[in-house]
Amino acid sequence: MDASRLAVAIACWTLTVTAHAGAYGIGTRPTDAQIAAWNIDVAPDGKALPPGRGTVEQGHAIYDRQCAACHGLDLQGGMGPALAGGVGSLASEKPLKTVGSYWPYATTLFDYIRRTMPLASPQTLSSDELYALVGYVLFRNGIVPAGTTVDAAQVVNVRMPNREGFYLDDRPDTKERPCDEHCLRATKK
Amino acid sequence: MLSRIAGAAGSTLVVGLVGEAAGEPTKTGALAPADPDAFPTVPTWTRQIGAPTGKGYGQPSPHESAVTRRLYPGLTQPITAYSTSPLQDLDGGITPNGLFFERHHAGVPAIDPGKHRLMIHGLVKEPLLLTVDDIRQFPSVSRIHFIECAGNPSFLPPWGKTAAEVAGLVSCAEWTGVSLRTLLEEVGLHPDAKWVIAEGADAAAMTRSIPLEKCLDDTLVVYSQNGERLRPEQGYPLRLVVPGFEGNMNIKWLRRLHVTNAPAYSREETAKYTDLMPDGRARKFSFVMECKSIITQPSGSHQLTRHGAHEIRGIAWSGMGKVERVDVSVDGGATWHKAELQSTVHAKALTAFRAPFPWNGEERVIMSRAIDETGYVQPTLSALEAARGKNSFYHNNAIQPWRIASDGNVTNGRE
């Protein structure tokens, strides 16, 4: 094999390899449009939030129509969990974990409503409707004022009351030793 | 004849439910006309040809129809709900597929496997779209692992009446699929990759962020459970199995793996599955299900029917690895004895244990305590409460006591 034919052979081999990302070459490469059609993850950086906007007032109307049956007209909960209230209750005997008292990021609210709600018809609300609903839930938790228009920047920048309320898992938190005899007596000492 | 009698007597040595074995035949035998199947006549099923071969899919005996999953006590609707595995009726360490516990957030989707896709994208060299058939062409792996719901059970009463009600949100199977590491190597990871967001194709589009390190360690994308394709309620046609991590992360109906540099902070890793502590702050990313065990026989609702030799049986597991040892106490926790473990202990799998239990009508509180290969000791509920208070809800792996009354009736031993 002369040098030029060897070069062609190497080039062909390289092309073959790069046509498949991995060792098995199984599956196909999705197009950017296909990825975009499925990817609905919104992380706290908000980079994946779609364009759109909605007002608290619009959100109120959508909420009453689509959400109130399960979450209550005053967001107090029913078949579904309470969405407002409970601020200051987390360290009490009866903590109430809601969007206002517990959730660290408003992006989670957008992401969750979009992917899961309404329970019987998820992924049907428009982006504008979603922003409006996020606005209304935040308003009912006293986090944004009544006249707010919510868009991507608002969802990313709003400061949730319990933002700093979480820390990384630090278990194991029990350090028991295996006692074999007279164990209850030992406990009572 | 002698051996038959010995066999019959032997079978009553095991703990039985009320009405089984000894009780009923005597009662009915006295009143009813001649029972053609009563011992020692040769019974009908021995004098007649049995049912034909080749029933398409075998079912349990109709006499076992009471052994079922049950909707968790107190649930009012079956869509965002959970059902328990009937631990008190099961033996050994493998859960039958039809009795594997369920937890669905928006019902069970009816997925056409020919149209299902798994998409891997994000911080990868080349995104990948796979059909179920594609995934079956990668090198396969079969491993035995438990899956346990994070809230199994909560820290607050009412305490469950049966082993299912106390800890029935745990089950164990042999899973077959492809190592997630193989798939991630196939797409090639970007140097910034740190997390993988897994998403289900159900109406909840269930989403959890999983550390990349775990994905490259022992995480599987499975298509089969105990040798057959996944059941719809267990994620058909594809499920993520994240061994030892809380059940919710074992994403069912898996359709998307999004490689990222940060967690999504999805609803299920913020509003839910975080552990509220007494100071009002909460633990996040508390993934591991710590070492735990429960006596399943005898357990709540069972009845000891005679005095003499019995056997305590149960299951133990740890999300940190292998169960190293299980101890049992029959005096309320004062004295502990080593139980015998089922041979071949698998890491992050239910491990059956057994211990002899002589009982002669004494009131007893029995319990088990598991220790895993890291040396971690299953704690008491009071030790957990001392560390976490009463409102952390998730990750309760407390020692479970059962009370045996002098008449042999078994109830929950929590006061």
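Reading the values: the criteria
Residues numbered from 1 in each chain as written. Chains lettered and ligands numbered in written order. Predicted model: local features only at pLDDT ≥ 70, side-chain atom pairs only at ≥ 80, totals over all residues. Heavy atoms only, no water. Domains from an automatic or database assignment. Contact = heavy atoms within 4.5 Å. Buried area = accessible area lost by both parts, 1.4 Å probe. Salt bridge = Lys/Arg side-chain N within 4 Å of Asp/Glu carboxyl O. Polar contact = N/O pair within 3.5 Å; in protein donor to acceptor, adjacent residues only side chain to side chain. Helix = DSSP H or I, 4+ residues; strand = E, 2+ residues; numbered from the N terminus. Nonpolar A, V, L, I, M, F, W, Y, C, P; charged D, E, K, R; others polar. UniProt positions renumbered as here; feature names shortened; annotations may be inferred. Buried < 20%, exposed > 50% of the residue type's maximum accessible area, 1.4 Å probe, protein only. Phe/Tyr/Trp six-rings, centres within 6.5 Å; stacked < 30°, edge-to-face > 60°. Pairing = 2+ DSSP bridges. Disulfide = S-S within 2.5 Å. pLDDT = per-residue confidence, 0-100. Axes fitted to C-alpha atoms, helices over the stretch in contact; angles between N-to-C directions. Parallel < 35°, antiparallel > 145°, perpendicular 65-115°, else oblique. Left-handed = near helix turned anticlockwise from the far one by under 90°.

*Asks:* Hey, could you run me through the domain arrangement of chain B in this one?
*Replies:* Where interface size is given, it is often the accessible area lost as the parts come together that is meant. Residue and element names in this part refer to chain B. In terms of domain boundaries, chain B breaks down into domain 1 (97–280) and domain 2 (292–412). Just the C-alpha atoms count here: the centres of domain 1 and domain 2 sit 28 Å apart. Contact with domain 1, which involves 33 residues of that partner, is made by 29 residues of domain 2. Between domain 1 and domain 2, a total of about 2600 Å² is buried, with carbon and sulfur atoms accounting for 63% of that surface. Contact with domain 2 buries surface across domain 1, with Phe146, Phe155 and Asp275 losing the most and accounting together for 26% of the total. Taken together, domain 1 and domain 2 are joined by two salt bridges. One salt bridge in this structure joins Lys292 and Glu148, with 2.9 Å as the shortest N-O distance. Summed over the shared surface of domain 1 and domain 2, the number is 14 residue pairs in polar contact (both at pLDDT 80 or more). Taken together, the elements giving at least two residues each to the side of domain 1 that touches domain 2 come down to β6 (141–148), α5 (163–167), β7 (170–179) and β14 (275–276). When grouped by side-chain class, the residues that make up the side of domain 1 that touches domain 2 number 17 nonpolar, nine polar and seven charged.

*Asks:* I tried to follow the environment of Tyr112 of chain A on my own but got confused; where do I start?
*Replies:* Relative to the helices and strands, Tyr112 of chain A resides in helix α5 (residues 106–116). Linking Tyr112 of chain A and Ile40 of chain A, residues 72 residues apart in sequence, is a C-alpha distance of 9.8 Å. Excluding anything up to four places from it in sequence, Tyr112 of chain A contacts Trp103 and Met117 of chain A together with Arg267 and Glu268 of chain B.

*Asks:* Would you mind showing me how to read the UniProt feature "domain: Moybdenum cofactor oxidoreductase dimerisation" (unreviewed entry) in chain B here?
*Replies:* Following the UniProt record, the feature "domain: Moybdenum cofactor oxidoreductase dimerisation" (unreviewed entry) maps to residues 287–400 of chain B here. A helix fraction of 7% and a strand fraction of 39% characterise residues 287–400 of chain B, whose end C-alpha atoms lie 22 Å from each other.

*Asks:* Quick question: what am I supposed to make of the environment of Ser343 of chain B here?
*Replies:* Residues and elements named next belong to chain B. Structurally, Ser343 can be placed in the loop between β20 (340–341) and β21 (351–359). Among the residues examined, Ser343 registers a relative accessible area of 56% and is labelled exposed. A C-alpha to C-alpha distance of 36 Å links Ser343 and Trp195, two positions 148 residues apart in sequence.

*Asks:* Looking at this model, I keep getting lost on the UniProt feature "domain: Cytochrome c" (unreviewed entry) in chain A. Mind explaining?
*Replies:* Here, the residues flagged by UniProt with the feature "domain: Cytochrome c" (unreviewed entry) are residues 54–141 of chain A. In residues 54–141 of chain A, the share of helix is 45% and the share of strand is 2%. The end C-alpha atoms are 17 Å apart.

*Asks:* Looking at this model, I keep getting lost on the packing of aromatic side chains. Mind explaining?
*Replies:* Where two aromatic rings form a pair, the distance of their centres and the angle of their planes describe that pair. All names here are of chain B. Applying the stated rule across the entire model yields 17 aromatic pairs over all chains. Relative to Tyr82, the ring of Tyr72 has its centre 5.1 Å away and its plane inclined at 50°; by these criteria the two rings are tilted. Here Tyr82 lies in strand β2 (residues 81–84) and Tyr72 lies in the loop between β1 (70–71) and β2, a separation of 10 residues in the sequence. Classification of Tyr72 by relative accessible area gives buried; the value is 15%. Taking the relative accessible area as the measure of exposure, Tyr82 reaches 22% and is therefore partly exposed. When the centroid spacing of 5.7 Å and the interplanar angle of 40° are considered together, the rings of Phe285 and Phe287 count as tilted.

*Asks:* Help me understand the side chain of Glu290 of chain B, please; the structure alone is not making it clear to me.
*Replies:* Among the secondary structure elements, Glu290 of chain B is positioned in the loop between β15 (282–284) and β16 (292–297). Glu290 of chain B has contacts with Arg171 and Pro172 of chain A together with Trp317, Tyr376, Arg388 and Asn397 of chain B, leaving out every residue within four places of it along the chain.

*Asks:* Mind showing me how you'd approach the interface of chain B and chain A here?
*Replies:* Contacts between the two partners involve 75 residues from chain B and, on the opposite side, 60 residues from chain A. Here chain B packs against chain A, burying approximately 5500 Å² in sum over the two surfaces, 57% of which is carbon and sulfur. Among the residues chain B hides against chain A, the three largest losses belong to Glu186, Arg267 and Arg283 of chain B. Together they make up 11% of the total. Linking chain B to chain A there are nine salt bridges. Between Asp180 of chain A and Arg325 of chain B there is a salt bridge whose closest N-O contact spans 3.4 Å. Linking chain B to chain A there are 33 residue pairs in polar contact (both at pLDDT 80 or more). The residue inventory of the side of chain B that touches chain A, partitioned by class, reads 33 nonpolar, 21 polar and 21 charged.

*Asks:* What is the right way to look at the sheet that holds β1 of chain B in this model?
*Replies:* Strand-to-strand pairing in sheets goes through backbone hydrogen bonds, with the strands running parallel or antiparallel. Residue and element names in this part refer to chain B. Strand order in the open sheet made by the three strands is β1-β2-β3, with antiparallel pairing throughout. Edge strands, defined here as strands with exactly one partner in the open sheet, are β1 and β3 (102–104). Relative to β3, β2 runs antiparallel, the two being bridged by three bridges. In the strand pairing of β3, Ala81 is matched with His104.

*Asks:* Would you explain the state of the cysteines in this entry?
*Replies:* Linking two cysteines covalently through their sulfur atoms gives a disulfide. Following the criterion strictly, the structure yields one disulfide over all chains and no others. A disulfide bridge connects Cys179 of chain A with Cys183 of chain A, and the sulfur atoms are separated by 2.1 Å. Classification of the bridge connecting Cys179 of chain A and Cys183 of chain A rests on its S-S torsion, roughly -100°, and on that basis the disulfide is left-handed. According to the relative accessible area criterion, Cys179 of chain A is partly exposed, its value standing at 24%. Free of any disulfide, Cys172 of chain B has its nearest cysteine sulfur in Cys291 of chain B, 14 Å distant.

*Asks:* Got a minute to help me understand the pattern of salt bridges in this structure?
*Replies:* All chains considered together, the criterion is met by 31 salt bridges over all chains. Among the salt bridges present, the one from Asp180 of chain A reaches Arg369 of chain B, with a minimum N-O distance of 3.5 Å. A residue pair is termed interchain when its members come from two chains, as with Asp180 of chain A in the loop between β3 (166–168) and α8 (183–188) and Arg369 of chain B in strand β22 (residues 364–372). Among the ionic pairs, Glu269 of chain B bridges to Arg208 of chain B, the shortest N-O distance being 3.3 Å. Of this pair, Glu269 of chain B sits in the loop between β13 (254–260) and β14 while Arg208 of chain B sits in strand β9 (residues 207–211); the two residues are 61 residues apart in sequence, bridging distant segments of the chain. Comparing Glu269 of chain B with Arg208 of chain B shows no difference in burial state: the two are buried.

*Asks:* Quick question: what am I supposed to make of the confidence of the model for chain A here?
*Replies:* Low-pLDDT stretches of the model should not have their predicted coordinates read in fine detail. With 87% of its residues at a pLDDT of at least 70, chain A reaches an overall mean of 90. This model gives residues 11–19 of chain A a pLDDT under 50, and the stretch forms two contacts once residues within four places in sequence are excluded.

*Asks:* Please clarify how the packing of α5 of chain A against helix α6 (residues 127–140) of chain A should be interpreted in this entry.
*Replies:* How two helices sit against one another is set out by the angle between their axes and by the gap between those axes. Residues and elements named next belong to chain A. Direction vectors running N to C along α5 and α6 enclose 130°, while the axes themselves pass 10 Å from each other. Overall, the two elements α5 and α6 adopt an arrangement that is oblique. The two elements α5 and α6 meet at a crossing, and its hand is right-handed. On α6, the residues touching Ala106, Leu109, Phe110, Ile113 and Arg114 of α5 are Ser127, Leu130, Tyr131, Leu133, Val134, Val137 and Leu138. A breakdown of the residues in the contact of α5 with α6 according to their chemical character gives 10 nonpolar, one polar and one charged.

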